[in-house]
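# Residue-level structural notes
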Amino acid sequence: MRTRIRSYILSLILFFTATAVMAAGNHGPGDGVVGTLTGTVTDKADGKPIIGATISIPDIRAGTITDVNGHYNLGNLPKGVYLVQVTYIGYATFNQKIDFTKTTVLDIQLQASSIETGEVIITGVSKATEIKRDPVPMVAVGKNYIDEHSASGNVIDEIANLPGISAVTTGPNISKPFIHGLGYNRVVTAEDGIRQEGQQWGDEHGIEVDQNSIDRVEIIKGPASLSYGPDAIGGVVNLITTPPVSEGKILGSLTELYGTNNGLINSSFRLQGNQNGLIWGTQISDKMAKDYQDQHDGRVYATNFEEKDARVVLGLNKSWGTSYLNASIFDDLQAIPDGSRDPVTRQFTQQISDADTVRRIVPGSALNSYTIPELHQHVQLYRIYDNSTFNLGSGTLLVDLGYQYSHRREYTHPTEQDIPGLNLQLTTYTYDVKYDFDLGKDYETTFGLNGMYQNNTLGYSTDFPIPAYHQFDIGPFFVIKKTYGKLDLSGGARYDSRSFSGQAAYVDNTNQYYPTLYTGPNPGGTPNVTQQFSALNKTFSGASGSIGATYNFSDKFLLKGNIAQGFRAPSIAELSANGPDPGSQIYHVGNSSFKPETSVQGDLGAFLTLPNVNASVEVFDNNIQNYIFQEQILDANGNPERVNPDGSPNPVGPYSKFTYTQSKARIDGGEFYLDIHPFKWLHFENSMTLTYGTNLGTSGRVPDSLKYLPFIPPLHTHSELRGTFAKGFDNFRNVYAFVGFDHYDAQDHFFSAYGTETATAGYNLLSAGVGGNIVNAAGKKVIEIFIEGTNLGNVNYQSNMSRLKYFDNPTVPAGVQPGIFNMGRNVSFKVVVPFDLSPREKADTTKI
């Protein structure tokens, strides 16, 4: 039955794609082609041309920049109405829908402005839409923000300071995004709209994406199951790669970054071209770091890493539509910290045998080295995906297809370093087919179908936390949007089905430290063979939907409201885990009787934009049925249970035993933002984020120790004084400087039951940054410089969102704060050198 369904879906996708291609092929030489959109971008005040302004059409990923005369030219544009956006630092963003069948020349005057408005998003919407006109709570940041926060070791940390966003971390290179207190399998991380699949349930590995390749990040803050399926009950983080360069251009850049705390070296090379709508590009990156350091711990052993990335893209941008084929490789070697220390000196120790009866103090040379230790994880992700749009009839057919192969190995045997403790191989095929069109009288409508097929296998290893399994998802959906003057309405519905088929597995424990999967006959009657997993066949289905409105009282004030119902099927780990995960130091135990999670979230926001003030208030309330979370298991004496790799009790065993449980839950809170501009060049930005997570239980009063949900971030305020000088000084342009202050309240609302979480003290962090562009006499950018300092006060602190807070010996001396502290002072220096290899235009030698 499952095979027939998959065949049907594949046939449907191929039919839609073939129809679109044939439709594209039937176009005549001029059919559907407008040709070009040209014009000049000038300053409204003095009429002078603006050099380097960005003109983009987000829906078709077309764009260019203005030349030294402020002129631009876009070619190979399809018929239809599309949103055109023009941006430049220090000016108000220009957004306007243009009918390319009627307009070929568009001159634009930009108004100098100290307020940044007009942000456009493409995630979760039918067509590119201004954030202020969409009722779903969203936030987006562009390349400038990413570059200015380059001290972060990964792309998730770069956005973790945004209102409503946080991250669960395991050192500087491992971060999982959390939105309004929800993360892991409740938040979909996508690259160019293609969801990433790499065992998201795991704590100990991050998002397998090259941060150097990301040009923009768009985030949906709330249930996004409508467009992204049953794992988006908490939201979506869409990482958008670098757009194509202008027609006729061959552009590239060299990037170097150095971080002082852990000696981070991040190098990247990029080259892109666009000739007559044939688009190509490549990027190669290399990143490595030593163990990070803080005043309390010194250098933290086994937090160093080495990452290599490569990607290529080949695309077409023609009158019939666009198609971009991407292929990338992510290869990461990441040390595995466990926090063990010498009980007297508190120096970090390392495991030297499988018996682990004696540990050796880590020498200083190893702490200050780029060499990856013997115990480490090797995470690889191979990805091929295609984003295509076809002009079909009166609408647009969008087809996104993806293939991913995730290979995770954790090497945990100090004497047999080539034998992996964990070896998971996950193959994923994703599909997303949708048709956008106007359903009469400007009803922007989308009908679609998306989902995925997964196959997880267990390679040769000694630890087996989850079984081999197959998974198939399918979900049809529709979205409708309509504008009535100042009122924007949108809504939609979806129905999802997810099927699991887990394989039974037996383990041969003859060799104490090197158990293996048993594949022989009569497992129940064979000595030393035990059942690790029972066969599992589960199907979950459910509906989700959303309806919301935005009312623009004027250009200065608007209100938003949205109600969304989300649906999430339990993950394979939550259903059937029964084994150790070395990198997380947890022995997971699942529960096959779980029901799917459902949620209802309401969002309300008010936004004010004045000449010198920008303010907003957003609140949310999320009620979740059958909320799944982990809690630690206690032994007979009431202490956290420690176990061996085979699950047998051992008071000093390497793993803490955790099980999953279900309950009703409520998460509510809000974000408050105020940006004051006392002068044109000066910003004083302030934000505050509140998130409360309450365990409502299943019946009756909930004990105080169970009252709160795990991994809920504390109250967080951020204040930043920023000076921005777009026109700069002499040969320095787009100059900026900022000083930031972050306050995190103490988190005394924590899941204390069974020793799962402990209280976290509050702390304050100081940051600063400065940078800009150096240009030549013609105003062309030759060097970009970004300097950022974080934790400049070198504060000793522990974040409640850091897993390293719980990494230590089972018992610590009296008066000693257990766990590992977060990174101390760090200053990063980033330099980007752009270059232009475009063919020179031949001079016109014709005499007049």
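Residues numbered from 1 in each chain as written. Predicted model: local features only at pLDDT ≥ 70, side-chain atom pairs only at ≥ 80, totals over all residues. Heavy atoms only, no water.

## Side note on the overall build of the chain
If you tally the helices and strands in the chain, you get six helices and 49 strands. A compact globule built from 848 residues should have a C-alpha radius of gyration of about 29 Å, and the chain, at 27 Å, falls within 12% of that. In terms of principal-axis extent, the alpha carbons of the chain reach across some 95 × 60 × 55 Å. By residue count, 57% of the 848 residues in the chain fall in the buried class. Long-range pairs, those at least 24 residues apart, make up 67% of the contacts in the chain with a sequence separation of at least 6. Accessible surface for the chain amounts to roughly 34,200 Å². Of this, 58% is attributable to carbon and sulfur atoms. Seen as two clouds, the 64 positive and the 84 negative side-chain charges of the chain have centres 5 Å apart. (Helix = DSSP H or I, 4+ residues; strand = E, 2+ residues; numbered from the N terminus. Rg over C-alpha atoms; globule rule 2.2 N^0.38 Å. Buried < 20%, exposed > 50% of the residue type's maximum accessible area, 1.4 Å probe, protein only. Contact = heavy atoms within 4.5 Å. Areas by Shrake-Rupley, 256 points an atom, 1.4 Å probe, with all protein chains shown as cover. Lys, Arg positive; Asp, Glu negative; His and termini not counted. Charge placed at Lys NZ, Arg CZ, Asp CG, Glu CD.)

## Focus: the sheet that holds strand β14 (residues 187-191)
Read across the sheet, five strands follow the order β10-β16-β17-β14-β15 without closing on themselves; strand pairing throughout is mixed. The sheet is open, and its two borders are formed by β10 (138-141) and β15 (194-195), each paired with just one other strand. (Pairing = 2+ DSSP bridges.)

## Quick word on the pairing of strand β3 (residues 62-65)
Sheet analysis places strand β2 (residues 54-57) next to β3, joined by four bridges and oriented antiparallel. Opposite I55, over in β3, you have T64 as the bridge partner. Where β2 folds back on β3, the antiparallel hairpin that results is connected by four residues, among which R61 adopts a positive phi of roughly 55 degrees.

## Here's the deal with a nonpolar patch on the surface
A cluster of nonpolar side chains, namely L278, L314, L316, L325 and I384, defines an oily patch on the protein surface of about 410 Å² accessible area. Note on placement: L314 falls in strand β23 (residues 305-318). By relative accessible area, which is 48% here, L314 ends up partly exposed. (Patch = residues over 30% accessible without salt bridge, like charges linked within 9 Å, V, L, I, M, F, W, Y side chains within 5 Å. Salt bridge = Lys/Arg side-chain N within 4 Å of Asp/Glu carboxyl O.)

## With respect to the environment of F738
The topology assignment puts F738 in strand β46 (residues 732-744). Linking F738 and F178, residues 560 residues apart in sequence, is a C-alpha distance of 26 Å. If we skip the residues at most four places from it in the chain, F738 touches E148, E720, L721, R722, S767, A768, G769 and E788.

## Focus on the packing of aromatic side chains
Overall, the coordinates contain 24 aromatic pairs when judged by the stated rule. For the pair Y82 and F100, a centre-to-centre distance of 5.7 Å together with 15 degrees between the ring planes defines the contact as stacked. Of the two residues, Y82 sits in strand β5 (residues 81-87) while F100 sits in the loop between β6 (94-99) and β7 (108-110), which places them 18 residues apart along the sequence. What makes F100 buried here is its relative accessible area of 1%. (Phe/Tyr/Trp six-rings, centres within 6.5 Å; stacked < 30°, edge-to-face > 60°.)

## A look at the sheet that holds strand β33 (residues 505-508)
In space, the three strands of this open sheet follow the order β34-β33-β35, with antiparallel pairing throughout. Among the strands making up the open sheet, the edge pair consists of β34 (516-518) and β35 (529-533). Geometrically, the sheet is characterised by an average inter-axis angle of 45 degrees between neighbouring strands, direction not taken into account. The pairing of β33 with β35 spans four bridges and is classified as antiparallel. Opposite D508, over in β35, you have V529 as the bridge partner. (Axes fitted to C-alpha atoms, helices over the stretch in contact; angles between N-to-C directions.)

## What to know about the pattern of salt bridges
Pairing between side chains of opposite charge can happen when their charged atoms approach one another. Summed over all chains, the structure comprises 34 salt bridges. Note that E410 and R408 form a salt bridge whose closest N and O atoms lie 2.9 Å from each other. Judged by its relative accessible area of 0%, E410 is buried. A single network of salt bridges, built from pairs that share partners, joins R195, E197, D231, D473 and R498.

## Observations regarding the environment of R409
As for its placement among the helices and strands, R409 is situated in strand β28 (residues 395-411). On the basis of relative accessible area, R409 is assigned to the buried category, the value being 14%. Sequence separation of R409 and A777 is 368 residues, and the distance between their C-alpha atoms is 53 Å. Setting aside residues up to four positions removed in sequence, R409 forms contacts with H376, Q377, H378, Q380, P420, L422 and N423. Reaching out from R409, the side chain makes a polar contact with the side chain of Q380 at a distance of 2.3 Å. In terms of polar contacts, R409 uses its side chain to reach the side chain of H407, at 3.5 Å. (Polar contact = N/O pair within 3.5 Å; in protein donor to acceptor, adjacent residues only side chain to side chain.)

## Description of the confidence of the model for the chain
On average, residues of the chain score 89 in pLDDT, and 94% of them are at 70 or above. Segment residues 19-34 is flagged for pLDDT under 50; beyond a separation of four residues in sequence, or across chains, it makes 23 contacts in the model. Note that residues 843-848 has pLDDT below 50 and, in this model, zero contacts with residues that lie over four places away or in other chains. (pLDDT = per-residue confidence, 0-100.)

## As for the side chain of T241
Along the chain, the position of T241 falls in strand β17 (residues 235-241). Of the polar contacts made by the side chain of T241, one reaches the side chain of D192; its length is 2.7 Å. Here T241 is in contact with R61, E191, D192, S213, I214, D215, R311 and Y385, once residues within four sequence places are set aside.

## Some remarks on the pairing of β23
Bridge count for strand β20 (residues 278-289) against β23 is 12 bridges, and the pairing is antiparallel. Looking at the pairing, K287 lines up with E307 of β23. Note: β23 against strand β24 (residues 321-335), 14 bridges, orientation antiparallel. Within β24, the position partnered with K308 by the bridge is D331. Counting the residues between successive antiparallel strands, the hairpin from β23 to β24 contains two residues.

## Looking at the side chain of D436
Mapped onto the fold, D436 is located in strand β29 (residues 422-438). The buried charged residue D436 lacks any salt bridge partner; its closest oppositely charged side chain belongs to K434, at an N-O distance of 6.7 Å. There is a polar contact of 2.5 Å between the side chain of D436 and the side chain of T446.

## Some points on the environment of G669
Examined against the element boundaries, G669 turns out to sit in strand β43 (residues 655-679). Excluding anything up to four places from it in sequence, G669 contacts E618, V619, F620, L690 and T691.

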